[in-house]
Amino acid sequence: MQKRATQHPHRKTFTLTQQTLTGLVMVGSLAAQPAAADNTAQAKRSQQTFHISGGTLSHALSQFAGSAGIVLSADARLTDGKASRGLNGQFSVAEGLSALLAGSGLTYQHTANGSVLVAQAPKPVENLSQAEPTSLPAVKVSGKAVYANDKVGGNDPYNSNYHRKNASSATKTDTPIMETPFSIKVLPQQVLRDQQVVSIRDSLRNVAGVIPLATSQNVADTFISRGFANNTGVYRDGYSFYDQVACCPTGLRETANVERIEFLKGPASILFGRAQPGGIINLVTKQPLATPYYSLQQQIGSYDFYRTTLDATGPLTSDDTLLYRFNMAYQDAGSFREFVKSDRVFVAPKLRWNISPRTQVTLDLEYMHNEDTPDIGNVPLALNPTGNKPSSMPINRNIGEEWSTLKSDRVLVGLDWSHQFNDNWTLHHRFNTERFENKFVGVYSSAASPDGTVQRGLFNVDPSEAERYSSILDLTGKFETWGIKHTLLAGGDYFSSDESTIENDFPPGGQLSASNIFNPSHQSQLPQVGDDIYHEDYSIEWYGLYLQDQIELPYNIHVLGGFRYDNAEVRDNLLDGIVTSQDDKISPRGGLVWHPVSWLSLYGSYTENFGAANGQQSSDGTFLPSQTAQQWEAGLKTEFWNGRFTSTFAYFDLTRQNQKTTDPASPTRAILIGEAQSRGVEFETTGELLPGWKIITAYAYTPFAEVTKGNEFSFPKVGTRFHGVPEHSGSVWSTYEVQGGNFKGLSFGAGMAAVGERVGNNANTYTVPGYATVNLMGRYAWNVGRTRVSAQLNVDNLLDKTYALGTNGGNHIPFGAPLTFMGSLRVEY
């Protein structure tokens, strides 16, 4: 059984195998192993040409060993925090190693079996005969470096792996995925780079059962997971963004400072508070590093897309007490859709103070300014002659107006500190506050008549404001009782949001001239704002307490159990004065994992969910109780080739209660007899099949996703399928990087994403055809002195298919992008 060690934010940990030798970095070439001794002896005598970029010492040694064809080992504790200036020119193995290790306090020696061992240089002593040996026993290994961020807490920018052995979002502890009784998908930085992901939506095609959900203005990160729509499921480092206010979505999230994306499937209330039952997206941000790293990237794409990003990190003091990270993005983009464009500025500095090896404090800041022309989408309910499909129309058509605009400003400030009492107990506290302001002039439309005519209206939000506060305190401890190991998590969180919306109407009645989806007409000027005012103040406040224990039993059995208590309050002054809703709930969850052999885990779990508020809809004018959900999940996970290739197969049965349905005694009010359920299977793989050949796949089969309880007035009606949920969906993406020879530095990849036919609205009156898109990637990287330069080209929707990206359950279906090119030039140092 693999032994896990406590990690510090500034300390790397390396793993040789699943069973032994935590702390050993492996570098070299798989091809070199059969004749390592002969190759090493020959390399000693001959010179070779090396082009190795500067960076971490472990990365430089890995590149050197692969190029030289030698087998080399080094204790990760020796190379941790050390930098290399790189190597360029003609060198023998001895000369190259001496140059790379110069000034590091390390040396090397050739072992009897032909490998090379890096060790601490001996300190001068008066009597050499009394000097203690400092080198480790020689270990003959080969392969590629095992990076620190294969485990939670690592952040090495040169890590090119697709897989991650550990994840934090499912348990809030550094837990191997093979020992986690829930389905979780991790998208590391290399996947995001290879696919040139610039928005959360771009990444969702890699996750089984997750479909982008269209909003009528297409300005929010919304999605469907395991059948259920989710507009509040995006988290940042474990705390909620809650990207929905009373009037409108609050914008798209930036990915420039995102290190990896973790997607936890199913209910997540026990650790994250009120959430939709299908799952959450947790954006894990980049952290300050002790080793200097700088990256500048320029992207240019189709439809006037321009994006510049900067990433810089390193120490501010010679003893690494103060570390910084600075991320920046500027984006100016057009669209294949008429009138649609966006302009974004994003700045994210971060400062870490390493008070001691056991205590760290991090100050975090984000600022983002967006100015967008919202995309109203197309109106599909002018059906074709078959009566159940949207009519054909040009995908660039927009029945909105060029003067529509959404301006938003966000400021986020966070303080994150942790203290490790000893090797087993850690206290971690995070506090975040976020303020945003929206100004929104938008166009909305009715359904289309048979001839394509639509009625249009206007709204003017000026402004919509919110102040949000989050505080999370966790105590994590490891201990044993009667020889049984425990990992205990005890914690609590608090979240509040105060929101205010003022909307001015447009006379008469907010109406705009009618248009037609087949022959649209536009108004060149924005009408004058009227005096009618809609004003809403809305506040949310909740706190939660949770306890979780992960237990290691004999025979490789892992048990997880825990519960959470939530207390939530909602206040709204929109309708009949100030109305308050207050709910509380205890949500349990438990799971069991059997890890009979190193490559296989079998698991099962049960979890409950405390969901969204239903709003003021009951017959007496008060709020209805909040939605709840339960999920059963079972499956298996595999891990081959020392964890380089992993897969997960999961079956789930997810039910949400407290669905609102119409009150027969009061058609304008609602009662709680509704229920919805989804069942299905998901299969995912991630990793490296052969050196340089990486792959990530996802497939979901969701045969059942429908309303199961209601009454004669229910909408959606009992038996109707959830809108936007296909029975079949999946994707595959694979890349190969040439490992040596004249074409070293060349990478290429290809993939496909497919989504089956879906019903388009809650009434199930029409369907949206399925689609499949083909995507390509090519990249070449080379060294210029100590700088690494890479040029990349991505082609999305290679076959130029016309397809609907998703539905919003009503009138609008935004189309996906046609054939699109994205080029980039990245410089790293």
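Before any of the text, the structure's been laid out above.
Every residue gets a number counted from 1 within its own chain, in the order that chain's sequence is written. Side-chain atom pairs in this predicted model are given and counted only at pLDDT of 80 or more, local residue features only at pLDDT of at least 70, and totals for whole chains, interfaces and linings cover all residues. To obtain the side-chain values, all non-hydrogen atoms of the structure were used and water was disregarded.

Chemist: Looking at this structure, I do not really get the nonpolar core. What am I missing?
Modeler: Across soluble globular proteins, you tend to see nonpolar side chains buried next to one another. Core analysis: the biggest nonpolar cluster contains 40 residues, and I281 and L283 have the highest contact counts within it. Helix and strand definitions follow DSSP, with helices as H or I runs of at least four residues and strands as E runs of at least two, each counted in order from the N terminus. In terms of residue count, the dominant contributor to this core is strand β17 (residues 258-265) (4 residues). Note on definitions: a residue-residue contact is assigned when non-hydrogen atoms from the two residues lie within 4.5 Å. Setting aside anything within four residues of it in sequence, one finds L283 in contact with I200, V234, Y235, R236, D237, F241, R253, V258, R260 and I261. What we call a nonpolar core is a set of buried Ala, Val, Leu, Ile, Met, Phe, Trp, Tyr and Cys residues that are connected through their side-chain atoms within 4.5 Å. Only protein chains enter the accessibility calculation, which uses a 1.4 Å probe; a residue is then buried when its area is under 20% of its type maximum, exposed when over 50%, and partly exposed in between. Counting residues in hydrophobic clusters, the runner-up holds 21 residues, among them A60, A65, I70 and L72.

Chemist: Would you mind going over unusual backbone geometry with me for this structure?
Modeler: Of all residues except glycine, most have a negative phi; of all peptide bonds, most are trans. Unlike most non-glycine residues, K172 shows phi in positive territory, near 65°. Relative to the elements of secondary structure, K172 occurs in the loop between β9 (166-167) and β10 (175-176). One non-glycine residue, Y555, lies in positive phi territory at about 65°. Within the fold, Y555 resides in the loop between β29 (533-553) and β30 (557-572).

Chemist: How should I be thinking about the sheet that holds strand β18 (residues 279-285) in this particular structure?
Modeler: In any sheet, the strands associate via hydrogen bonds between backbone groups, in a parallel or an antiparallel arrangement. Strand order in this open sheet of 5 strands is β11-β17-β18-β15-β16, and the pairing throughout is mixed. In this open sheet, the two strands that pair with only one neighbour each are β11 (184-187) and β16 (239-240). By definition, two strands form a pair when at least two bridges between them are found by DSSP. Pairing between β17 and β18: 7 bridges, direction antiparallel. Residue L264 lies in a different strand from β18, and its bridge partner there is I280.

Chemist: What should I look at first to understand the environment of V718 in this one?
Modeler: The topology assignment puts V718 in the loop between β36 (693-709) and β37 (728-737). You can call V718 partly exposed: its relative accessible area is 45%. C-alpha separation for the pair V718 and V707, spaced 11 residues apart in sequence, amounts to 4.9 Å. Each residue touching V718, except ones within four places of it in the same chain, is listed here: V707, T708, K709 and G710.

Chemist: Honestly, helix α2 (residues 57-68) in this entry has me stumped. Any pointers?
Modeler: Owing to its 3.6 residues per turn, the α-helix brings residues three or four apart onto one side. Counted at 1.5 Å a residue, the expected span for α2 with its 12 residues is 16 Å, and the 16 Å between its end C-alpha atoms agrees. When you tally the buried positions in α2, you get 10 out of 12 residues, the bulk of the element. Those residues of α2 not exposed but buried are L57, S58, H59, A60, L61, S62, Q63, F64, A65 and A68. Immediately beyond the C-terminal end of α2, within one or two residues, lies G69, with a positive phi of roughly 70°. Working rule for helices: expected span equals 1.5 Å times residues minus one.

Chemist: I tried to follow the side chain of R758 on my own but got confused; where do I start?
Modeler: Of note, R758 is situated in strand β39 (residues 758-759). There is a polar contact of 2.9 Å between the side chain of R758 and the backbone oxygen of P769. By the criterion applied in these results, polar contacts are pairs of N or O atoms within 3.5 Å in which, for protein atoms, one can donate a hydrogen and the other can accept it, and in which residues neighboring in sequence qualify only through two side-chain atoms.

Chemist: Can you help me understand the packing of α2 against helix α4 (residues 93-101) in this one?
Modeler: Orientation is described by axes fitted as lines to C-alpha atoms, over the contacting stretch for helices, and by angles from 0 to 180 degrees between their N-to-C directions. The geometry of α2 relative to α4 is characterised by a closest axis approach of 11 Å and an angle of 170° between their N-to-C directions. With respect to α4, the element α2 is oriented roughly antiparallel. The segment α2 lies against α4, with L57, A60, L61, F64 and A68 engaging V93, G96, L97, L100 and L101. When residues are grouped by polarity, Ala, Val, Leu, Ile, Met, Phe, Trp, Tyr, Cys and Pro land in nonpolar, Asp, Glu, Lys and Arg in charged, and all others, Gly among them, in polar. Looking at the contact of α2 with α4 residue by residue, the classes come out as 9 nonpolar, 1 polar and no charged. Angles below 35 degrees are treated as roughly parallel, those above 145 as roughly antiparallel, those between 65 and 115 as roughly perpendicular, and all remaining angles as oblique.

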